[in-house]
Amino acid sequence: MLFNSLSFAVFLPIVFFLYWSVAHKELKYQNILLLLSSYFFYACWDWRFLFLLIFSTLLDYFSGIKIAESKNNTTKKFWFWLSIGINLGFLAVFKYYNFFIDSTALALSKLGFVINPWTLNVILPVGISFYTFHGLSYVIDIYKERIKAEKNFIDYSVFVSFFPLLVAGPIERATHLLPQIQRKRIFDYAKLVNGLKQILWGLFKKIVIADQCAKYANEIFNNSGDYSGGSLFLGALFFTFQIYGDFSGYSDIALGTARLFGIELLKNFSFPYFSRNIAEFWRRWHISLSSWFRDYLYIPLGGSKGGIWSKVRNTFIIFLVSGFWHGANWTFIVWGFLHALYIMPSIIFNTNRKSLDTVAKGKLIPSFKELLEMLLTFNLTVIAWIFFRAKDIESALSYISKIFSKSFFTISGLVDKGGVLICIVFIFAFMFIEWLGREKEFAIAGLDTSWKKSYRYVMYYSLVLIILWFSAGGEQQFIYFQF
Amino acid sequence: MNIFVRKVIGFLLPVFGFIVLAILLPATPRATKSLLFSSIKKDSLLKYTKSPRIIFVGGSNLSFGLNSQLIKDSLRKNPINTAIHASLTLKFMLDNSIKFVKKGDVVVLVPEYSHFYSDYDRGSEELLRIIFDVNLSKISLLSSKQLFNIIPYMPKLAITKLKPSEYLNIIDSKVYSVNSFNDYGDTFSHWGMKRENFKSKAVKGEYNTVVLENIKAYALEIEKKGAQLFVSFPGYQDVSFMKSINSIHRVEMEYRKNDFIVLGTAERYKIPDAMMFNTPYHLNKDGVDYRTQLLIEDLKKVLQ
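Residues numbered from 1 in each chain as written. Chains lettered and ligands numbered in written order. Predicted model: local features only at pLDDT ≥ 70, side-chain atom pairs only at ≥ 80, totals over all residues. Heavy atoms only, no water.

For chain B, an unreviewed UniProt entry supplies the name DUF1574 domain-containing protein and the organism Flavobacterium taihuense.

Chain A is annotated in an unreviewed UniProt entry as MBOAT family protein from Flavobacterium taihuense. In its Sequence similarities (unreviewed entry) section, the UniProt entry covering chain A states "Belongs to the membrane-bound acyltransferase family." In its Subcellular location (unreviewed entry) section, the UniProt record describing chain A reads: "Cell membrane". (UniProt positions renumbered as here; feature names shortened; annotations may be inferred.)

In structure tokens:
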């Protein structure tokens, strides 16, 4: 069940109504309802994987209790590593097994040993990377004695399976989400309206920006040989906005939906394409994953302590792991590696905590320096996205080499020029609205205070009609569901 | 909560109201020129054409791929080309054509390969339009799933009906128009036109077993009516064919496994690129005549 589907448009109001009008008397009933609806939501993808989700939940729930109750270190370690091992084992089997086997076979064949590898023909369970990371952070936090083990199975299950975040995050922390699940939620009109606005903006990002960009990005990337350098660059730009619209749109819908149930999820995006350097970009892009890697990998590895060499090593490790987290393909690893390279100057010169505030705060127009910094950072991310999107490294390299050829100055091969033009107009309009709203939680969050009611309603109705118009192309999957 | 719900409904009501009202407006002048309106004439052909009849059922590959006059001259049967657009969905094509089939009819069913690799009863803009623009009574042919699946296309249709360009300066499409069909239902307006630039396309998606089950049910209905059913393959651009070879072979294998009377082979209907018009399924005049000739040869073998 996709967020941008008719089924979800039916599902959400039903759960909302039951939650606030039938189950609202007891917190327990609300949580049971959330859990059942989350399992139903997940089963709509593939009911068979529901068992995997429940097993993973049970494993972390019991491991958490056992770790907390352990009197000695050996038992504590046993339960900790059991949980970590099984969680990572699932990821390894479903997501990485074929990659490792194929890569090993390829490496051996280069050494003259030809083997016929035994690969698995399995579907990747949707959301496995996300709920596994929920479970991992929970178990690690108990082991490190940062939190207490949750005894209420329903509450813990809702923390893992809450449907707005189940399939593509944000990756929540027990310290943030569990207390909200255990606290009585109050029907807060203003928050709910805010949630609806965020859903509306998320749908616009997904259906109007991401899905339209996807049409052209897919065409250009899949037939890159037919296009000039200029057209390929345009294709890379389309993908850059597609992935932003797609994932941040998903996150907006997730956050907005959770708010309808009185729950605040972690912010996942904060206008990343207005970043002035790569370090800032990573403070604004997929924030819940970046902070997860910071807290559970970078800091345990020593973080920024231990001198330059250790900082450089740890930075490369988290970016490579982050790339690999996205998928079992060398292209993702190179994408992570490129970002590690990009961020290196600021790590070495210790300038990575620069630009912590919003660009051109309180102003409409940025300074020339800020504009140049944003353009440079944006273009660096565009180049890296080519690796993220390409089917293999060879294709990415040939794509990039063609961009940096003489044909960069020609746009040729585009069939639907009118459609491309309309898409570009929408991207400009979208980025303009994002720019205006960049100091808010999401771009249209500030309309209440800054716009007249009539203008606001014109804006909302326009958004609804544009979304409905473009939704006629059918439901398109979210990119991050495959991770 | 009541205030919240009331306000949300109050916000959405004008949107839904507008969509419903606009949908119920008659088809715009531009829409009435669209090829979907050819269904009125095609239904009338199905109703009134005299026996002996040969009825072709399929997507635009058939409408852009047959010269029915050649068929009539060779087989001495009255051809009816019911094909309009593949997006009308195979389910709709089967359900719409079956009610017109009479005793002694020969029905040649030519699904496009993509029909086997998508939802059998999916919705589409064309399906919505053929109901709400052309013939509302055909809504009875839609399954509940199809009805559900066409809903997302409604807002676009509603908004389209308010566009000035739907009422002013309407220029008839040279190819995709209600006037592009000849008396048998073949698209013939492009026969004198040059090949257009288009990209080859591979058949994608997972094989859908439901499709064949429904064709089997259709075959039973035809048999009950005392008619004959043959299945055949679309004329498909050679480059696209090679890109989709596994998917195509699966379709062919399933036909043969289920004992359908199959006309020719998929390979035989692989059409050289020079004979294509503007998509991997649309043939130019040379392609139309070539493909029709192949079909005539294959039909002669089974009709003897």
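Let's pick the thread back up.
Asker: Outline the overall build of chain B, listing residues and values.
Answerer: The helix and strand inventory of chain B stands at 13 helices and six strands. Taken along its principal axes, the extent of the C-alpha atoms in chain B is 75 × 40 × 40 Å. Put simply, chain B has 304 residues, and 53% of those count as buried. Taking the contacts inside chain B whose residues are at least 6 apart along the sequence as the reference set, 82% of them involve residues at least 24 apart. (Helix = DSSP H or I, 4+ residues; strand = E, 2+ residues; numbered from the N terminus. Buried < 20%, exposed > 50% of the residue type's maximum accessible area, 1.4 Å probe, protein only. Contact = heavy atoms within 4.5 Å.)

Asker: Before we move on, could you go through the domain arrangement of chain A and cite the residues and values that matter?
Answerer: Residues and elements named next belong to chain A. When its domains are assigned, chain A resolves into domain 1 (6–185) and domain 2 (190–276 + 355–482). Here domain 1 and domain 2 have C-alpha centroids that lie 29 Å from each other. If you look at the interface, domain 1 gives 29 residues, while domain 2 gives 21 residues. In this assembly, domain 1 packs against domain 2 so that about 2000 Å² is buried in total across both faces, 74% of it on carbon and sulfur atoms. Per-residue buried area on domain 1 facing domain 2 is highest for Pro164, Ala168 and Pro170; these three make up 23% of the total on that side. Along the contact surface separating domain 1 from domain 2 lie zero salt bridges. The interface formed by domain 1 and domain 2 includes six residue pairs in polar contact (both at pLDDT 80 or more). Looking at the side of domain 1 that touches domain 2, the elements with two or more residues in it are α1 (6–22), α2 (27–46), α7 (163–166) and α8 (174–182). Element by element, the count of residues in the side of domain 1 that touches domain 2 is highest for α1, at seven residues. In terms of residue class, the side of domain 1 that touches domain 2 is built from 22 nonpolar, four polar and three charged. (Domains from an automatic or database assignment. Buried area = accessible area lost by both parts, 1.4 Å probe. Salt bridge = Lys/Arg side-chain N within 4 Å of Asp/Glu carboxyl O. Polar contact = N/O pair within 3.5 Å; in protein donor to acceptor, adjacent residues only side chain to side chain. Nonpolar A, V, L, I, M, F, W, Y, C, P; charged D, E, K, R; others polar.)

Asker: Can you tell me about unusual backbone geometry, naming the residues and giving the values?
Answerer: The omega torsion across serine 51 of chain B and proline 52 of chain B is 0 degrees, close enough to zero to call that bond cis. Within the secondary structure layout, proline 52 of chain B lies in the loop between α3 (38–48) and β1 (53–58). Here phenylalanine 271 of chain A, not a glycine, exhibits a phi torsion of approximately 55 degrees, which is positive. Counting through the fold element by element, phenylalanine 271 of chain A comes out in the loop between α10 (229–260) and α11 (278–284). Residue classification places phenylalanine 271 of chain A among the buried positions, given a relative accessible area of 5%. In this structure, histidine 286 of chain A takes a positive phi of about 40 degrees despite not being glycine. Positionally, histidine 286 of chain A belongs in the loop between α11 and α12 (287–298).

Asker: Quick one: what's the story with the packing of helix α9 (residues 189–222) of chain A against helix α19 (residues 453–470) of chain A, residue by residue and with numbers?
Answerer: Residues and elements named next belong to chain A. Where α9 meets α19, the axes come as close as 9 Å, and the angle between the chain directions of the two elements is 40 degrees. Judged by the angle between their axes, α9 and α19 are oblique. In terms of crossing hand, the pair formed by α9 and α19 is left-handed. Note on element contacts: α19 touches α9 through Tyr460, Leu463, Val464, Ile466, Ile467 and Phe470, opposite Lys197, Leu200, Trp201, Leu203, Phe204, Ile207, Val208 and Gln212. (Axes fitted to C-alpha atoms, helices over the stretch in contact; angles between N-to-C directions. Parallel < 35°, antiparallel > 145°, perpendicular 65-115°, else oblique. Left-handed = near helix turned anticlockwise from the far one by under 90°.)

Asker: Which residues make up the packing of helix α3 (residues 48–69) of chain A against helix α6 (residues 153–161) of chain A, and what values do they have?
Answerer: Residue and element names in this part refer to chain A. Between α3 and α6, the least distance of the axes is 10 Å, while the angle of their chain directions is 125 degrees. Taken together, the axis directions place α3 and α6 in an arrangement best described as oblique. Where α3 crosses over α6, the two elements pack in a sense that is right-handed. Packed against α3, whose contacting residues are Leu53, Thr57, Leu58, Asp60 and Tyr61, the element α6 presents Phe153, Tyr156, Ser157, Val160 and Ser161 at the interface. A class-by-class count of the residues in the contact of α3 with α6 yields six nonpolar, three polar and one charged.

Asker: Summarise the interface of chain B and chain A; cite the residues concerned and give the values.
Answerer: Each side of the interface is counted separately: chain B has 22 residues, and chain A has 28 residues. The interface formed by chain B and chain A contains one salt bridge. The partner of glutamate 219 of chain A in a salt bridge is lysine 199 of chain B, with the nearest N and O atoms 3.1 Å apart. Contributing elements (two or more residues each) for the side of chain B that touches chain A: α1 (2–24) and α9 (154–160) of chain B. Tallying contributions element by element places α1 of chain B first for the side of chain B that touches chain A, with eleven residues. Of the residues assigned to the side of chain B that touches chain A, the class counts are 16 nonpolar, two polar and four charged.

Asker: Give a description of the UniProt feature "transmembrane region" (unreviewed entry) in chain A that names residues and reports values.
Answerer: Residues and elements named next belong to chain A. Residues given the UniProt feature "transmembrane region" (unreviewed entry) here are residues 39–59, 79–98, 118–141, 330–350, 371–388, 408–433 and 454–472. Between the C-alpha atoms that bound residues 39–59 the distance is 17 Å, and the span itself is 95% helix and 0% strand. Along residues 408–433 one finds 65% helix and 0% strand; the C-alpha atoms at either end are 29 Å apart.

Asker: Could you give me a rundown of the packing of aromatic side chains, with the residues and numbers involved?
Answerer: Applying the stated criterion across every chain, the model contains 89 aromatic pairs over all chains. Plain terms: the ring middles of phenylalanine 204 of chain A and phenylalanine 430 of chain A are 6.3 Å apart, the flat faces sit at 50 degrees to each other, and that makes the pair tilted. With phenylalanine 204 of chain A in helix α9 and phenylalanine 430 of chain A in helix α17 (residues 417–436), this pair connects stretches of sequence that are 226 residues apart. The class of phenylalanine 204 of chain A is buried, set by a relative accessible area of 4%. For the pair phenylalanine 241 of chain A and phenylalanine 378 of chain A, a centre-to-centre distance of 5.7 Å together with 35 degrees between the ring planes defines the contact as tilted. Pair noted here: phenylalanine 241 of chain A is in helix α10 and phenylalanine 378 of chain A is in helix α15 (residues 368–389), with a separation of 137 residues, a long-range link. Of the two residues examined, phenylalanine 241 of chain A and phenylalanine 378 of chain A, each falls in the buried class. Above the plane of the ring of tryptophan 469 of chain A lies lysine 156 of chain B, whose end atom (NZ or CZ) is 5.1 Å from the centre. (Phe/Tyr/Trp six-rings, centres within 6.5 Å; stacked < 30°, edge-to-face > 60°. Lys NZ or Arg CZ within 6 Å of the ring centre and 35° of its normal.)

Asker: How would you sum up the environment of threonine 175 of chain A? Please name residues and give values.
Answerer: Position of threonine 175 of chain A among the secondary structure elements: in helix α8. In this structure the C-alpha to C-alpha distance between threonine 175 of chain A and serine 137 of chain A, which are 38 residues apart in sequence, comes to 9.9 Å.

Asker: So what's going on with the nonpolar core? Which residues, and what values?
Answerer: Core analysis: the largest hydrophobic core is formed by 243 residues, its most contacted members being Tyr138, Phe261 and Tyr273 of chain A together with Tyr113 of chain B. Mapping this core onto the domain boundaries places at least three of its residues in each of domain 1 (6–185) and domain 2 (190–276 + 355–482) of chain A. (Core = buried A, V, L, I, M, F, W, Y, C linked by side-chain atoms within 4.5 Å.)

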